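Structural characterization, general
Chain by chain, the residues:
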Number of protein chains: 2
Amino acid sequence: MNLTLSKLALAASALVLGSPAYAQQERSTVVQAETASHYPPLFAAEMLIAQEFVDDMIAAGVTVPVPVDPGGGYTHEQHKRNYRAMLLAGQLYDLTGEDRYFQFVREMLLEYAELYPTLSDHPARANQNVGRLFWQVLNDAMWLVHAIQAYELVRSDLYAADRELIDNQLFRRAAQFLSVESESTFNRIHNHATWATAGVGMTGYVLGDDELVHRALYGTRGDGEAGFIRQTELLFSPDGYYTEGPYYQRFALLPFMVFAGAIDRNEPERRIFEHRDGILEKALLTTIQLTYDGYFFPFNDAIRDKSLNTAELYEGVAIGYSVTENPALLDIAQFQGRTVISQAGLQMSQALAAGEAERFPFRSMLFSDGPDGDQGAIAVLRDGVGPDHLALVAKNASQGMGHGHFDKLSWQLYNLGEEVVRDYGAARFLNIEAKQGGRYLPENESWAKQTIAHNALVVNEQSHFYGDRDLADLSAPTQLYFATDEGLQVSVAGIDDAYPQEGVSMTRLLALVDVEGFSQPVTLDLMRAQGEGELQFDLPLHYSGHIMRLGFDPSRNIEGRPVLGAGNGYQHIWEDGRGAPEADQAFMTWLLEGRFYTYRFVPQDNFEVILGESGANDPEFNLRREPLVIQRVTGSSSATFVSLVEPHGLYDGATEQTIDSDSQITSLRHIEQGTFDIVLIETLAGAQIAVAISWDDNPAARHTAIIEGREVTWQGYAARIPLTAAGE
Amino acid sequence: MNLTLSKLALAASALVLGSPAYAQQERSTVVQAETASHYPPLFAAEMLIAQEFVDDMIAAGVTVPVPVDPGGGYTHEQHKRNYRAMLLAGQLYDLTGEDRYFQFVREMLLEYAELYPTLSDHPARANQNVGRLFWQVLNDAMWLVHAIQAYELVRSDLYAADRELIDNQLFRRAAQFLSVESESTFNRIHNHATWATAGVGMTGYVLGDDELVHRALYGTRGDGEAGFIRQTELLFSPDGYYTEGPYYQRFALLPFMVFAGAIDRNEPERRIFEHRDGILEKALLTTIQLTYDGYFFPFNDAIRDKSLNTAELYEGVAIGYSVTENPALLDIAQFQGRTVISQAGLQMSQALAAGEAERFPFRSMLFSDGPDGDQGAIAVLRDGVGPDHLALVAKNASQGMGHGHFDKLSWQLYNLGEEVVRDYGAARFLNIEAKQGGRYLPENESWAKQTIAHNALVVNEQSHFYGDRDLADLSAPTQLYFATDEGLQVSVAGIDDAYPQEGVSMTRLLALVDVEGFSQPVTLDLMRAQGEGELQFDLPLHYSGHIMRLGFDPSRNIEGRPVLGAGNGYQHIWEDGRGAPEADQAFMTWLLEGRFYTYRFVPQDNFEVILGESGANDPEFNLRREPLVIQRVTGSSSATFVSLVEPHGLYDGATEQTIDSDSQITSLRHIEQGTFDIVLIETLAGAQIAVAISWDDNPAARHTAIIEGREVTWQGYAARIPLTAAGE
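What you see is a predicted model; the values in this text were computed from it and never measured.

Side note on the overall build of chain A
The number of helices and strands found in chain A is 19 helices and 28 strands. Taking 27 Å as the expected radius of gyration for a compact globule of 728 residues, we find that chain A reaches 28 Å, a close match to that expectation. In terms of overall dimensions, chain A has a C-alpha envelope of 90 × 55 × 50 Å along the principal axes. Restricting the contact set of chain A to residue pairs at least 6 apart, pairs at least 24 apart contribute 65%. Put simply, chain A shows about 25800 Å² of open surface, and 47% of that area lies on carbon and sulfur atoms. Placing the 52 positive and 99 negative side-chain charges of chain A at their respective mean positions leaves the two points 4 Å apart.

A look at the side chain of Arg132(A)
Residue and element names in this part refer to chain A. Assignment of secondary structure puts arginine 132 in the loop between helix 6 (99-115) and helix 7 (137-154). Separated by 3.2 Å, the side chains of arginine 132 and glutamate 181 make a polar contact. The residues contacting arginine 132, other than those within four sequence positions of it, are Pro67, Tyr116, Leu119, Ser120, Asp121, His122, Asp140, Phe177 and Glu181.

A word on the packing of helix 5 (residues 74-96) of chain A against helix 6 of chain A
All names here are of chain A. One can describe the packing of helix 5 onto helix 6 by two numbers: an axis separation of 8 Å at closest approach and a directional angle of 140°. Judged by the twist between their axes, the crossing of helix 5 over helix 6 is left-handed. Touching His79, Asn82, Ala85, Met86, Ala89, Gly90, Leu92, Tyr93 and Thr96 of helix 5 are Tyr101, Phe102, Phe104, Val105, Met108, Leu109, Tyr112 and Leu115, all from helix 6. Counted by class, the contact of helix 5 with helix 6 contains 13 nonpolar, 4 polar and no charged residues.

Brief notes about the sheet that holds strand 24 (residues 676-683) of chain B
All names here are of chain B. In space, the 4 strands of this open sheet follow the order 23-24-25-28, with antiparallel pairing throughout. Edge positions in the sheet fall to strand 23 (665-673) and strand 28 (718-724), since each of these pairs with one other strand and no more. Adjacent strand axes in the sheet meet at a mean angle of 20° when their direction is disregarded. Two strands pair when backbone bridges link them, and strand 24 and strand 25 (residues 688-693) are joined in this way by 6 bridges, in the antiparallel orientation. Note that in strand 25 the partner of isoleucine 678 across the bridge is alanine 692.

Focus on the confidence of the model for chain A
All names here are of chain A. Taken over all residues, the pLDDT of chain A has a mean of 93, while the share at 70 or more is 95%. In this model, residues 1-36 is a region of pLDDT below 50 whose contacts with residues beyond four sequence positions or in other chains number 56 contacts. Here the prediction assigns the complex a pTM of 0.91, and the interface score ipTM is 0.90.

Brief notes about the sheet that holds strand 7 (residues 418-421) of chain B
All names here are of chain B. Taken in spatial order, the 5 strands of this open sheet run 3-4-5-6-7, and their pairing is antiparallel. Single-partner strands in this sheet number two, and they are strand 3 (365-368) and strand 7. Strand-to-strand twist of the sheet, defined as the mean angle between neighbouring strand axes without regard to direction, takes the value 20°. Strand direction decides the pairing type here: strand 5 (residues 390-397) and strand 6 (residues 410-415), joined by 5 bridges, are antiparallel.

Here we look at the nonpolar core
Membership of the largest hydrophobic core comes to 121 residues, with the highest contact counts inside it found for Trp143(B), Tyr151(B), Ile166(B), Leu170(B), Phe171(B), Phe259(B) and Ile288(B). In terms of residues, this core owes the most to one element, helix 13 (residues 246-266) of chain B, which gives 13 residues. Apart from residues no more than four positions distant in its own chain, Ile288(B) is found in contact with Leu308(B), Leu313(B), Val317(B), Leu329(B), Ile332(B), Phe360(B) and Phe362(B). Counting residues in each nonpolar core, the second largest holds 120 residues, with Leu42(A), Tyr205(A), Leu284(A) and Met348(A) among its members.

Describing the interface of chain A and chain B
Across the boundary between the two partners, chain A contributes 49 residues, which contact 49 residues of chain B. Carbon and sulfur atoms supply 53% of the area that chain A and chain B bury against each other, a total of about 4200 Å² over both sides. Across the chain A-chain B interface, the total number found is 4 salt bridges. In this structure, the salt-bridge partner of Glu613(B) is Arg625(A), at a minimum N-O distance of 3.2 Å. For the side of chain A that touches chain B, the secondary-structure elements that each account for two or more residues are helix 13 (246-266), strand 13 (546-550), strand 15 (560-562), strand 16 (573-579) and strand 19 (607-614) of chain A. Bridge count between strand 15 of chain A and strand 15 (residues 560-562) of chain B: 3 bridges; the pairing is antiparallel. Among the inter-strand pairings, Gly560(A) is bridged to a residue of strand 15 of chain B, identified as Pro562(B).

Structural notes on unusual backbone geometry
Phi at Asn617(A) takes a positive value of approximately 45°, unusual for a residue other than glycine. One can find Asn617(A) in the loop between strand 19 and strand 20 (627-648). Since its relative accessible area comes to 15%, Asn617(A) is described here as buried. Its identity is not glycine, yet Trp695(B) carries a phi of approximately 60°, on the positive side. Tracing the backbone shows Trp695(B) in the loop between strand 25 and strand 26 (702-707).

Observations regarding the environment of Ala700(A)
Tracing the sequence through the fold places Ala700(A) in the loop between strand 25 (688-693) and strand 26 (702-707). Ala700(A) sits 101 residues away from Tyr599(A) along the chain, and the two C-alpha atoms are 34 Å apart.

Here we look at the relation of the copies chain A and chain B
Between chain A and chain B, the superposition needs a rotation of 179° and an axial shift of 0.1 Å, giving an RMSD of 0.1 Å. Between the two chains, the operation in question is that of a two-fold axis. Minimal C-alpha distance to the rotation axis in chain A is attained by Arg561(A), lying at 2.5 Å. In this assembly, 100% of the residues forming the interface of chain A have copies in chain B that are likewise at the interface, indicating an isologous arrangement.

Comments concerning the pairing of strand 16 (residues 573-579) of chain B
Residue and element names in this part refer to chain B. Burial analysis of strand 16 places 6 of its 7 residues in the buried class, the great majority of the element. Here strand 14 (residues 555-556) pairs with strand 16 via 2 bridges, running antiparallel. The partner of arginine 556 across the bridge, within strand 16, is glycine 577. Where strand 16 meets strand 19 (residues 607-614), 6 bridges bridge the pair, whose relative direction is antiparallel. Residue glycine 577 lies in a different strand from strand 19, and its bridge partner there is leucine 611.

Focus: helix 6 of chain A
Residues and elements named next belong to chain A. Compared with the 24 Å implied by 1.5 Å per residue over 17 residues, the 24 Å span of helix 6 between its first and last C-alpha is a close match. For helix 6, the complete set of buried residues consists of Tyr101, Phe102, Phe104, Val105, Met108, Leu109, Leu110, Tyr112, Ala113 and Leu115. Buried residues belonging to helix 6 abut helix 4 (41-60), helix 5, helix 7 and helix 8 (160-178).

Some thoughts on the pattern of salt bridges
Scanning the model with the defined rule gives 76 salt bridges over all chains in all. Salt-bridge contacts for Asp662(B) lead to Arg549(B); the nearest nitrogen and oxygen are separated by 2.7 Å. Of this pair, Asp662(B) sits in the loop between strand 22 (657-659) and strand 23 while Arg549(B) sits in strand 13 (residues 546-550); the two residues are 113 residues apart in sequence, bridging distant segments of the chain. Look at Arg549(B) and you get partly exposed, because its relative accessible area is 28%. The network of salt bridges with shared partners includes Arg561(A), Asp576(A), Glu613(A) and Arg625(B).

Examining the packing of aromatic side chains
One pass over the full model with this rule turns up 50 aromatic pairs over all chains. Centroid distance Trp195(A) to Phe251(A): 5.6 Å. Interplanar angle 40°. Geometry classified as tilted. One end of the pair, Trp195(A), is in helix 10 (residues 191-207); the other, Phe251(A), is in helix 13, with 56 residues separating them in the sequence. Note on accessibility: Trp195(A) and Phe251(A) belong to one class, buried. With a centroid separation of 4.8 Å and 55° between ring planes, the pair formed by Phe360(B) and Phe362(B) is classed as tilted. Through a chain of ring-to-ring contacts, three or more aromatic side chains come together here, namely Tyr205(A), Phe228(A), Phe236(A), Tyr242(A), Phe256(A) and Phe259(A). Sitting above the plane of the Phe53(A) ring, Arg84(A) keeps its charged end 4.5 Å from the centroid. Sitting over the ring of Tyr247(B), Arg250(B) keeps its end group 4.4 Å from the ring centre.

Looking at the pairing of strand 23 of chain B
All names here are of chain B. As defined by bridge partners, strand 23 adjoins strand 24 across 8 bridges and the pair is classed as antiparallel. When the sheet's bridge partners are listed, leucine 668 is paired in strand 24 with isoleucine 681. The antiparallel pairing of strand 23 with strand 24 creates a hairpin that spans 2 residues between the two strands, and glycine 674 there sits at a positive phi of about 60°.

How each quantity is defined
By convention here, each chain's residues receive numbers from 1 onward along its written sequence. Labels follow written order: the first chain is A, the first ligand is 1, and so on. Local features in this predicted model are restricted to residues of pLDDT 70 or higher, and side-chain atom pairs are both shown and tallied only at a pLDDT of 80 or more, whereas totals for entire chains, interfaces and linings draw on every residue. The side-chain values count all of the structure's non-hydrogen atoms but skip hydrogen atoms and water molecules. Only DSSP runs of H or I covering at least 4 residues are called helices, and only runs of E covering at least 2 are called strands; the numbering of each starts at the N terminus. Using C-alpha atoms as the atom set, the radius of gyration is obtained and then compared with a globule rule of 2.2 Å times the number of residues to the power 0.38. What makes two residues a contact is simply this: any of their non-hydrogen atoms within 4.5 Å. Each accessible area is a Shrake-Rupley result for a 1.4 Å probe, and residues are judged covered by the shown protein chains and nothing else. For the purpose of counting charges, residues Lys and Arg are taken to be positive, whereas Asp and Glu are taken to be negative. His and the chain ends are not included. Working definition for charges: the position is that of NZ of Lys, CZ of Arg, CG of Asp or CD of Glu. Polar contact is defined as a pair of N or O atoms within 3.5 Å, subject to the rule that within protein one atom must be able to donate a hydrogen and the other to accept it, and that residues adjacent in sequence are counted only when both atoms are side-chain atoms. Lines fitted to C-alpha atoms define the axes here, with helix axes fitted over just the stretch in contact, and angles between the N-to-C directions of these axes take values from 0 to 180 degrees. For any helix crossing, the convention is left-handed if the near helix is rotated counterclockwise from the far helix by under a right angle, and right-handed if that rotation is clockwise. Any residue that is not Ala, Val, Leu, Ile, Met, Phe, Trp, Tyr, Cys, Pro, Asp, Glu, Lys or Arg is counted as polar, Gly included; the first ten are nonpolar and the last four charged. Any two strands with at least two DSSP-identified bridges between them are counted as paired. The quantity called pLDDT is the predictor's confidence in a given residue, expressed from 0 to 100. Within this scheme, the nonpolar core is defined by two criteria: the residues are buried Ala, Val, Leu, Ile, Met, Phe, Trp, Tyr or Cys, and they are joined through side-chain atoms within 4.5 Å. Only protein chains enter the calculation, and the probe is 1.4 Å; a residue is then buried if its accessible area is under 20% of its type maximum, exposed if over 50%, and partly exposed in between. Buried area, as used here, totals the accessible surface that two parts lose on assembly, with accessibility defined by a 1.4 Å probe and the loss added over both. Put simply, a salt bridge is a Lys or Arg side-chain nitrogen that is within 4 Å of an Asp or Glu carboxyl oxygen. The fit set for superposing copies consists of C-alpha atoms from residues with pLDDT of at least 70 in both; the fit itself is least squares. Under the convention used throughout, the expected extent of a helix is 1.5 Å for every residue step, that is, one less than its residue count. Aromatic contacts are taken between Phe, Tyr and Trp rings whose centres are within 6.5 Å, Trp giving its six-membered ring; a plane angle under 30 degrees counts as stacked, one over 60 as edge-to-face, and the others as tilted. For a ring to carry a charge above it, either NZ of a lysine or CZ of an arginine must fall within 6 Å of the ring centroid while also lying within 35 degrees of the normal to the ring plane.

The structure is reproduced here in structure tokens:
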């Protein structure tokens with residue numbers, strides 16, 4: 001055994017008390033507690049959590065069943081538990097030197113070494129990518145990523161015979177299976193391949209097998225067209241954005257960070273964290289930026305309750321900090337309240353305990369999509385800081401592969417900790433047996449992916465690219481402009497081929513505009529669409545809240561609730577009513593968690609507004625029932641939608657205080673002047689503000705327009721021009 | 001000026017820093033901060049809040065407008081602000097001796113003394129009970145309760161001429177108006193009269209006018225048939241329950257506590273707090289008991305966001321503590337994080353700062369209704385402690401006057417901080433202008449008050465007492481049994497005249513039953529109804545959550561959503577589907593905030609189950625859209641509904657962990673044997689439990705039944721009998 005002096009010292013010393021996380025670990029024994037002494041509180045608490053889990057596994061006895069079950073079944077879950085327990089046991093052995101952890105890893109690996117050579121394709125294979133221990137090769141790769149890390153921590157203390165057995169019968173075979181024998185997965189540019197290359201590459205380092213390392217880094221052909229290095233070049237945009245979106249970015253991050261950490265330890269001369277201008281750190285920071293109050297923006301196939309409090313991010317933050325020593329990552333670790341018990345986790349926890357954390361700089365940013373950064377972008381506009389800040393997310397990115405939604409130029413709005421303008425995320429109840437075994441539900445295709453389920457423009461009740469993913473993969477929006485000036489933050493994007501048959505081009509400006517006398521900016525949404533022939537344009541807004549006031553008086557379906565349409569998601573919408581408001585009636589106000597929001601829009605020709613709710617044609621009660629409002633223009637080759645979302649007032653039921661429950665805006669107008677668009681906002685207090693858009697991205701160009709008989713000039717793409725102050 | 005030594009000492013001393021509440025008061029000046037020094041943190045923080053408000057009012061200048069507007073209008077809100085500011089200024093003067101507070105109260109009272117004699121009936125009178133300063137006399141009484149307290153704190157320091165002017169032109173006139181001239185309100189046994197008597201009585205103490213005091217205590221006729229003393233005898237049950245329910249109990253509490261505090265200070269020999277076995281303390285403690293996680297049970301016309309964090313309860317807790325020194329009240333003050341800046345608030349805050357708080361004993365309790373305690377009851381059954389505990393509320397109380405709902409024997413269930421089985425509360429958006437000026441909405445009558453909107457039995461689609469309040473006032477349920485034994489907590493109540501025409505008597509048993517292997521008890525609901533002729537019985541359950549699994553396969557209205565019925569609330573229900581499940585299919589599971597709940601029931605003859613949602617026939621979008629399930633028996637003179645609500649499992653989207661998403665119960669059976677009812681519960685793990693009900697309230701009587709060929713005996717009304725252990 002390889003007990004270091006520091007381990008001995010620690011084993012003998014007393015417990016650091018007072019950590020809240022510790023206090024919850026009532027079942028932990030004093031012996032366990034003592035081993036955590038002298039570690040920083042976060043790390044010590046994490047060790048106790050790990051010890052409890054591993055000790056339970058040790059008490060239950062090593063169990064390595066012959067693989068039989070698909071995902072969720074007994075053998076599947078047992079092998080998952082095993083790899084988690086092995087890694088933690090290896091880390092606990094590294095930290096404490098205690099023999100039982102060593103023996104647990106050793107015994108389990110010997111059992112796997114006995115089992116593995118007997119395996120062929122898993123009996124519950126679901127598709128081409130079949131595993132051995134699991135029904136899918138992805139799970140086998142995840143097993144290897146964990147198991148090889150555990151092995152690294154015990155290998156040098158094993159008897160040579162055990163070592164040889166485990167090297168050859170288990171890890172060499174597993175690496176061979178995941179690379180050469182699963183070549184089609186291994187050589188993909190995809191996160192599944194990242195797991196495989198990470199597992200195989202780390203196996204190479206542990207076994208001292210340069211050939212395996214090389215295969216992992218450069219693909220089975222060794223030419224660098226596949227493999228880990230290429231993945232870091234193609235799977236992230238230059239801004240570190242992963243095209244499937246934040247939910248999958250989080251998942252993909254773990255093998256990237258873990259394998260890169262291993263490369264850095266074994267071959268620091270590769271400077272892997274400096275590769276491609278530090279892309280791995282960017283990927284980590286971008287993953288974090290794509291959250292609100294810790295929750296990932298839920299666009300594409302996302303489970304909405306996924307937050308920074310997830311195993312992948314504990315690992316990512318620890319490794320990221322250990323490499324970069326970026327003090328803002330400590331802020332995230334503090335938010336998480338969890339870490340990992342690796343040496344990286346220890347280093348990070350020590351810095352946190354030393355008070356080195358700095359506020360993570362959540363801010364307005366543009367994240368380009370695509371390996372070359374030219375496949376559109378995600379634009380994030382933030383106003384304020386902390387859990388109550390306002391944030392607008394414009395989804396101008398590419399389709400994002402199979403988990404992408406048909407939601408070009410869609411957007412979301414967050415405020416006061418709430419998602420005010422929503423994205424549905426995925427229609428899926430993860431791991432809930434009654435909901436199709438926890439898999440994606442049929443409504444994920446029929447609703448969640450469809451354009452009408454997003455805050456995106458729908459032409460002729462068809463989804464973008466007619467719901468055809470292959471077609472969608474061929475193009476992406478163009479981010480035309482992005483600016484974060486004081487008082488006016490703007491994102492503009494366009495796409496010309498979402499409806500190739502109708503020849504529709506769309507351009508959308510989303511902006512946060514400061515208005516005199518308002519505590520928060522309003523969101524301006526200007527969507528221009530131009531196609532051919534007589535088209536129907538629907539612009540839905542999926543909002544959260546209870547309707548307080550309608551500016552107009554719609555016809556209402558109050559005694560029977562019809563379905564809005566026949567397909568492409570429309571079959572899932574109950575229609576509550578429709579109306580054709582005049583300009584001064586064109587608004588609605590809702591209440592959400594103590595704040596009022598007014599959605600105000602500019603009527604056009606052949607215009608109506610439809611109120612509805614999701615939940616129709618849902619035989620299994622799979623959908624959430626959530627409201628939406630649709631602006632519709634019919635029989636026209638073009639449409640221009642100009643809308644505002646205005647946060648206002650305050651409702652406090654506890655103190656019975658209500659302030660400004662009605663909109664503080666009196667008028668919203670849209671003026672087209674040559675190629676310019678000008679939006680005029682007037683407030684109750686008499687302030688008048690113009691947002692003038694030249695659509696000219698020459699920042700030096702000066703533009704002039706006549707607004708209400710008055711000449712106004714501005715410079716550049718878009719400007720906020722106060723015309724009249726309040727009370728003037 | 002009357003600066004005491006302690007005030008001088010305080011004014012010179014330094015600030016107590018470090019209170020979180022203080023840290024938020026960024027705008028407060030150092031001068032203000034210094035005056036708060038040496039006070040306990042809670043009190044110091046409260047002083048700063050008060051100072052900020054009062055200083056703003058002082059800066060704005062004294063403004064006493066001629067009354068014009070109805071509730072919510074400018075003059076209405078200004079007079080409300082004035083009385084709040086006067087009281088706080090008086091208290092700040094009392095605490096700091098600062099002249100500006102004195103002058104503010106003095107100037108304002110002089111302005112009121114000038115205005116008051118010029119007033120007659122308020123121009124915006126809405127009904128018989130017209131005020132002078134306000135449109136309703138109730139508001140005038142609230143004004144007086146506040147203003148007279150302010151006056152008490154400055155009166156002795158006024159010049160005699162000012163004092164005489166204010167005495168005679170303002171307070172004597174106001175007291176005369178509120179008592180003699182508004183005799184019909186003043187002499188009622190009603191909380192409006194409590195406000196009036198409190199104002200008039202305190203005016204008597206301050207002016208040294210015994211006649212006013214006597215009038216307040218014993219009514220205008222002086223015979224004690226009206227007045228404050230009689231109110232304490234008739235408005236609360238012997239257990240301190242106020243018949244309108246907790247939302248109004250909270251509101252009524254303030255004048256009771258404030259006036260009683262004044263009586264105790266001026267005439268301690270009355271021992272007002274000992275009157276009727278300490279009814280006022282009981283009323284305070286009962287108000288607090290009628291909460292879950294600080295929120296009042298929302299039955300009857302309640303605004304759901306009302307919690308213990310409300311001005312009435314800050315005052316009530318402070319006065320209650322100053323009189324009783326009950327350390328559990330300090331626990332409530334700690335929860336509130338607020339107090340009042342009276343001497344009572346100071347005393348309470350000092351005790352809190354001294355660490356004298358003890359956990360408030362929320363527990364299973366029965367609260368009788370009616371002055372003699374024989375008008376039914378509220379039964380509260382709790383399991384566990386803290387914010388995650390499980391609580392069942394059975395509403396077996398009387399109608400509760402005009403704000404009462406037709407919901408006899410209804411119930412609610414709370415768990416893990418959520419309301420699992422719901423009460424709608426009132427259909428009202430308080431102070432929101434767009435929603436009928438913040439008044440009760442039409443849907444409060446057509447939905448919120450109706451029986452079908454509650455978890456209560458409906459016969460022939462009519463509400464209890466046919467929705468006739470006068471009829472409802474004539475009777476009340478009878479609480480038949482209440483027990484809180486280990487493993488089985490039970491409430492049983494009945495009512496025979498909710499449907500006099502159909503001669504329906506109903507009896508309902510609600511129980512929390514421990515089941516072997518379950519972490520929380522299940523709720524057993526056994527409802528027996530017996531009437532005459534062919535009747536339809538509907539038993540709705542208003543649950544919170546998303547349907548995960550239906551045990552049966554209902555016919556579904558997925559392409560058009562019809563309305564369930566024509567009136568009495570049925571017109572507001574969308575029908576989603578119906579089915580007639582077999583016994584083994586008779587359940588549904590929903591997910592709510594990470595916990596699963598299965599509602600399981602026993603099919604009967606002519607039985608079906610209807611799934612629906614509120615929101616039909618709601619032209620103004622006034623209703624919340626919430627799901628319900630209805631058990632229906634048709635064409636029968638009787639029905640027995642046996643149902644369970646079983647909390648189970650765990651869903652954690654963040655960690656992607658799901659445990660026991662399906663019910664852990666395999667069967668629920670109902671056996672009638674002679675006069676006994678026996679409910680059999682069997683679990684997946686093999687445990688079998690019987691709940692045997694003799695309906696015999698002789699606790700000594702022993703009963704015998706044959707269950708599955710096995711003789712079982714029990715003693716008393718109801719018993720939990722484990723028949724088979726798990727795994728046997």
